[in-house]
Amino acid sequence: MNIIFLGPPGAGKGTQAKILVEKYGIPQISTGDMLREHVAKGTELGMKAKEYMEKGQLVPDEIILSMVKERLSQDDAQKGFILDGFPRTVAQAEALDKLLEEMGKKIEYVLALIVPDEELVTRLTGRRTCKNCGMMYHIKFKPPKVEGKCDACGGELYQRADDNEETVRNRLKVYHEQTAPLIEYYKKKGVLFEVDGNKSIEEITQQLINILEKK
Ligand code: AMP
């Protein structure tokens, strides 16, 4: 299964991708996670990307595309993959089509999660993540049992540098201007499936499974 998760920041792409990874045994490829790893390690790529990420702007295509190309060629991505946070522009989508064609593959499902902007701001500004295992929390909707500590592993919870209100509003603007046109792009290709993302995690997962298993 070759899947793309499309949707604004905070729509639940990462959360749902992690659930589908467990269910179908294919990897989640998150360009945001890959970039954050580079930033944390202080690589040259990470240092270039950091300034864009902190402002909520898109990192230049050449950086993103070389990273994705390398990741898609790895063994674990050969029987399928879930792209999360990529492509984010029509230019990236066209480059992905070309890359997949060279590899003899194509996208089968574009799962678009639809959520209103004000809900996204609330979700993102309250979001916390475990430094150790990546488990996600929300200060209001899914608080940890002990403040600042992960229920699963006891790791320390942190707030992403770009989850403050000002940067969130900019990320949403960038989404509407540059990423939302991909809905039309994939609709024309006949692979777009829109899902109501303003529901519980479990309800959204069920909608996704219904699509992927054509129920
Ligand atoms: P995310 O974790 O997907 O919300 O991404 C966090 C940040 O990483 C974004 O706000 C961008 O600055 C950068 N980023 C992630 N994926 C891409 C992409 N496909 N193209 C450009 N920038 C990206």
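Up top is the structure.
Presented here is an overview of the structure given in this document.

Cut-offs used in this document
Residues numbered from 1 in each chain as written. Predicted model: local features only at pLDDT ≥ 70, side-chain atom pairs only at ≥ 80, totals over all residues. Heavy atoms only, no water. Helix = DSSP H or I, 4+ residues; strand = E, 2+ residues; numbered from the N terminus. Rg over C-alpha atoms; globule rule 2.2 N^0.38 Å. Buried < 20%, exposed > 50% of the residue type's maximum accessible area, 1.4 Å probe, protein only. Contact = heavy atoms within 4.5 Å. Areas by Shrake-Rupley, 256 points an atom, 1.4 Å probe, with all protein chains shown as cover. Lys, Arg positive; Asp, Glu negative; His and termini not counted. Charge placed at Lys NZ, Arg CZ, Asp CG, Glu CD. Phe/Tyr/Trp six-rings, centres within 6.5 Å; stacked < 30°, edge-to-face > 60°. Lys NZ or Arg CZ within 6 Å of the ring centre and 35° of its normal. Salt bridge = Lys/Arg side-chain N within 4 Å of Asp/Glu carboxyl O. Polar contact = N/O pair within 3.5 Å; in protein donor to acceptor, adjacent residues only side chain to side chain. Pairing = 2+ DSSP bridges. Axes fitted to C-alpha atoms, helices over the stretch in contact; angles between N-to-C directions. Core = buried A, V, L, I, M, F, W, Y, C linked by side-chain atoms within 4.5 Å.

**Structural notes on the overall build of the protein chain**
Helices and strands together make up the secondary structure of the protein chain, namely 9 helices and 8 strands. Against the compact-globule benchmark of 17 Å for 215 residues, the protein chain has a radius of gyration of 17 Å, which places it among compact chains. Principal axes of the C-alpha set define a box for the protein chain whose edges measure 50 × 45 × 35 Å. Residue burial in the protein chain is summarised as follows: out of 215 residues, 45% are buried. Taking the intrachain contacts of the protein chain between residues at least 6 apart in sequence as the baseline, contacts between residues at least 24 apart amount to 69%. Approximately 11200 Å² of the protein chain is accessible, and the part contributed by carbon and sulfur atoms is 52%. For the protein chain, the distance from the average position of its 33 positive side-chain charges to the average position of its 34 negative side-chain charges is 2 Å.

**Remarks on the packing of aromatic side chains**
For the coordinates displayed, the defined rule picks out 2 aromatic pairs. For the pair Y109 and F193, a centre-to-centre distance of 5.7 Å together with 45° between the ring planes defines the contact as tilted. Residue Y109 is found in strand β4 (residues 109–114), and its partner F193 is found in strand β8 (residues 192–196); the two are separated by 84 residues along the sequence. Given the relative accessible area of 29%, F193 is considered partly exposed. Ring centres of Y185 and Y186 lie 5.0 Å apart, and the angle between their planes is 85°; on these two criteria the pair is classed as edge-to-face. If you follow K142 out to its NZ or CZ, it ends over the ring of Y137, 5.1 Å from the centre.

**Considerations on the side chain of D84**
As for its placement among the helices and strands, D84 is situated in strand β3 (residues 81–84). The buried charged residue D84 lacks any salt bridge, with K13 as its nearest oppositely charged partner at 4.9 Å. Polar contacts involving the side chain of D84 include one to the side chain of Q28, which spans 2.8 Å.

**Description of the sheet that holds strand β5 (residues 127–130)**
The 3 strands are arranged β6-β5-β7 in an open sheet whose pairing can be described as antiparallel. A strand with exactly one partner marks an edge of an open sheet, and here the two such strands are β6 (136–138) and β7 (157–158). Of the strand pairs in this sheet, β5 and β7 are connected by 2 bridges, and their pairing is antiparallel. When the sheet's bridge partners are listed, T129 is paired in β7 with Y158. The strands that helix α6 (residues 117–125) touches are β5 and β6; relative to β5, the one it contacts most, it runs at about 40°.

**Quick word on the nonpolar core**
Residues L35, L72, L83, L96, I107, V110 and Y186 are the most contacted members of the largest nonpolar core, which totals 31 residues. Contributing elements (two or more residues each) for this core: β1 (2–6), α2 (31–41), α3 (44–55), α4 (61–72), β3, α5 (90–102), β4 and α8 (181–188). At 5 residues, the largest contribution of residues to this core is made by α4. Excluding its chain neighbours within four sequence positions, the residues that come into contact with L96 are I4, L72, L83, F86, P87, I107 and Y186. Residues F5, A17, L124 and L212 belong to the second largest nonpolar core, which totals 21 residues.

From the geometry alone we can't say anything about function, so treat these as descriptive.
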